[in-house]
Amino acid sequence: MTGSESVSESESGETDTHRICMVLPDPFPRDVRVEKEIRALRETGHEVVVVCRGSGDGDGGEPTRERVDVADGIPVVRVQRDGPRARVANVASAAVDTAVGVHPRWLLAVDRVVDDFDASVLHVHDLPLLRTGLVVGHRRDLPVVADLHENYPESVRQWRREGPGVRENPLTAAKRALLPVSRLKRRERRVVPEADRVVTVVEEAREHYCRDCGVPPLRTQVVGNTVDQEVFDPESVEPASVDGLDDDRFTAAYVGGFGPHRGQRRRYGRSQRPATVSNFSSSATDRRWPTSGTSRPTSALRRA
């Protein structure tokens, strides 16, 4: 199957269904965007298997083998990182990835899953594993969808500003020396145009990939991060009451993850303190969102 055939219609006019191998560089379930995409794909008749990073609760096993389980009815293959042999294998694979942009350990895992699952499409989330997915796609003659959640090089720039300093963490110094933002930008310009489809979260990102990376506009699609109305239903929660807010003033609510790369400080200002709305912290929300670090699900209420 070629890229032009990745979304096709049968002779009867119905859209073909696919077996999709989704590659995620983080543990799953965790990313609400990924969960909603999988739900939407399955509702339209597609089958999905997820290859993701192990969560660190296994025994490591053989360095090139993966752990398989099921999450919410979705088959998940986890590339383990814990255990002595797995850690050594991952460090060696990461070193190759730093040098050439292809992660051998992930390459083996994805290639094996594509074969076992008889996948017809590769769907790779974010830049770090995109080139690895492209190598598998070229080998197998499969279309590759690049699902880019953010401008990754610029996000790395922000994460490094907020993260531990070079003196505090030698690994940070090595990463900054071997993978500077300028190199990540070159990698982005080189590999993103190779994808058969590019999915972005906002129109501005789409313009960036078309203008700066040379991706043809017809090969791009914007799929926004929107609130899941089944979880955040305004009809099912009580109005929030926060001391010090004037009901006559405009109040903005932010629902989502917090992080330095998301720009909340520039949007809402630095001097006012966010307030957490406990009504939104339901069990369904906790299942879908990270519950620690800077990405805690919350709503920030700001006085205009």
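All values reported here derive from a predicted model rather than from experimental measurement.

Colleague: Go over the overall build of the protein, please, and point to the residues and values.
Modeller: Each helix and strand in the protein was counted, giving 10 helices and 10 strands. Here the protein holds 304 residues, and the buried ones make up 42% of them. Contacts spanning at least 24 positions in sequence make up 67% of the contacts within the protein whose residues lie at least 6 apart. Total accessible area computed for the protein in this model is approximately 16800 Å², and 49% of it derives from carbon and sulfur atoms.

Colleague: I'd like to hear about the environment of Gly 45, residue by residue, with values.
Modeller: If you trace the backbone, Gly 45 turns up in the loop between α1 (32–43) and β2 (47–53). For Gly 45, a relative accessible area of 42% gives the class partly exposed. Separated by 29 residues in sequence, Gly 45 and Asp 16 have C-alpha atoms that sit 8.8 Å apart.

Colleague: For the environment of Tyr 209, give the residues involved together with the corresponding values.
Modeller: Following the sequence through the fold, Tyr 209 ends up in helix α8 (residues 203–213). Tyr 209 sits in the buried class, given a relative accessible area of 2%. Between the C-alpha atoms of Tyr 209 and Val 192, which are 17 residues apart in sequence, the distance is 7.8 Å. Those residues in contact with Tyr 209 that lie beyond four places of it in its chain are Leu 148, Glu 150, Asn 151, Glu 188, Val 192, Val 198, Thr 200, Gly 214 and Val 215.

Colleague: Describe the side chain of His 125, naming the residues involved and giving the relevant values.
Modeller: Counting through the fold element by element, His 125 comes out in strand β5 (residues 121–125). Here the side chain of His 125 touches His 149 through a polar contact of 2.7 Å, side chain to side chain. Here His 125 is in contact with Met 22, Val 23, Leu 24, Pro 25, Val 34, Glu 37, Asp 147 and His 149, once residues within four sequence places are set aside.

Colleague: I'd like to hear about the sheet that holds strand β8 (residues 220–222), residue by residue, with values.
Modeller: Overall, mixed pairing links the 8 strands, which are arranged β3-β4-β2-β1-β5-β6-β7-β8 in an open sheet. In this open sheet, the two edge strands, each paired with only one partner strand, are β3 (67–71) and β8. In this sheet, adjacent strand axes meet at a mean angle of 25° when their direction is disregarded.

Colleague: Give me the pattern of salt bridges: which residues, what numbers.
Modeller: Pairing between side chains becomes possible if they bear opposite charge and their charged atoms approach one another. Inspection of every chain in the model, using the stated rule, returns 9 salt bridges. With a closest N to O distance of 3.1 Å, Arg 211 and Asp 212 form a salt bridge. The class of Arg 211 is exposed, set by a relative accessible area of 58%. One continuous salt-bridge network, built from bridges that share partners, spans Arg 33, Glu 37 and Asp 147.

Colleague: Describe helix α7 (residues 181–191), listing the residues and the values that go with them.
Modeller: Within the sequence span of α7, burial applies to Val 181, Leu 184, Arg 187, Glu 188 and Val 191. For α7, the buried positions fall inside an angular range of 115° around the axis, keeping them on one side. Taken together, the buried residues of α7 touch α2 (84–100), α4 (130–140), α5 (152–162) and α8.

Colleague: Give me empty space enclosed by the protein: which residues, what numbers.
Modeller: In total, this model carries 1 cavity of 30 Å³ or more according to the counting rule given. Quantified by volume, the largest cavity comes out at close to 30 Å³. In terms of lining, the largest cavity is formed by Leu 127, Leu 148, Glu 150, Tyr 152, Pro 153, Glu 188, Val 192 and Tyr 209.

Colleague: Tell me about the nonpolar core, residues and numbers included.
Modeller: In this structure, Cys 21, Leu 130 and Val 192 are the most contacted members of the largest nonpolar core, which totals 38 residues. No other element matches the 7 residues that helix α3 (residues 104–117) contributes to this core. Dropping the residues within four chain positions of it, Val 192 is found in contact with Leu 127, Leu 130, Leu 148, Arg 187, Val 198, Tyr 209 and Val 215.

Colleague: Mind laying out the packing of aromatic side chains, listing which residues take part and the relevant values?
Modeller: Tallying each qualifying case throughout the model produces 1 aromatic pair. Their ring planes at 75° and their centres at 5.9 Å tell us that Tyr 152 and Trp 159 sit as a pair that is edge-to-face. For Trp 159, a relative accessible area of 32% corresponds to the partly exposed category. The aromatic ring of Phe 117 is capped on one face by Arg 19, whose charged end is 4.2 Å from the ring centroid.

Colleague: With reference to specific residues and values, describe the pairing of β3.
Modeller: Sheet topology note: the β3/strand β4 (residues 74–79) ladder contains 5 bridges and is antiparallel. Counted as the bridge partner of Asp 69 is Val 76 from β4. Remark: 2 residues form the turn of the hairpin made by β3 and β4, two consecutive strands paired antiparallel; Asp 72 in that turn has positive phi of roughly 55°.

Scoring rules and cut-offs
Residues numbered from 1 in each chain as written. Predicted model: local features only at pLDDT ≥ 70, side-chain atom pairs only at ≥ 80, totals over all residues. Heavy atoms only, no water. Helix = DSSP H or I, 4+ residues; strand = E, 2+ residues; numbered from the N terminus. Buried < 20%, exposed > 50% of the residue type's maximum accessible area, 1.4 Å probe, protein only. Contact = heavy atoms within 4.5 Å. Areas by Shrake-Rupley, 256 points an atom, 1.4 Å probe, with all protein chains shown as cover. Polar contact = N/O pair within 3.5 Å; in protein donor to acceptor, adjacent residues only side chain to side chain. Pairing = 2+ DSSP bridges. Axes fitted to C-alpha atoms, helices over the stretch in contact; angles between N-to-C directions. Salt bridge = Lys/Arg side-chain N within 4 Å of Asp/Glu carboxyl O. Arc of directions from axis to C-beta. 1 Å grid on protein atoms, 1.4 Å probe; cavity = no way out; pocket = protein on both sides within 12 Å on 5 of 7 lines; lining within 4 Å. Points joined across faces, edges and corners; volume = space filled by probe spheres on them. Core = buried A, V, L, I, M, F, W, Y, C linked by side-chain atoms within 4.5 Å. Phe/Tyr/Trp six-rings, centres within 6.5 Å; stacked < 30°, edge-to-face > 60°. Lys NZ or Arg CZ within 6 Å of the ring centre and 35° of its normal.

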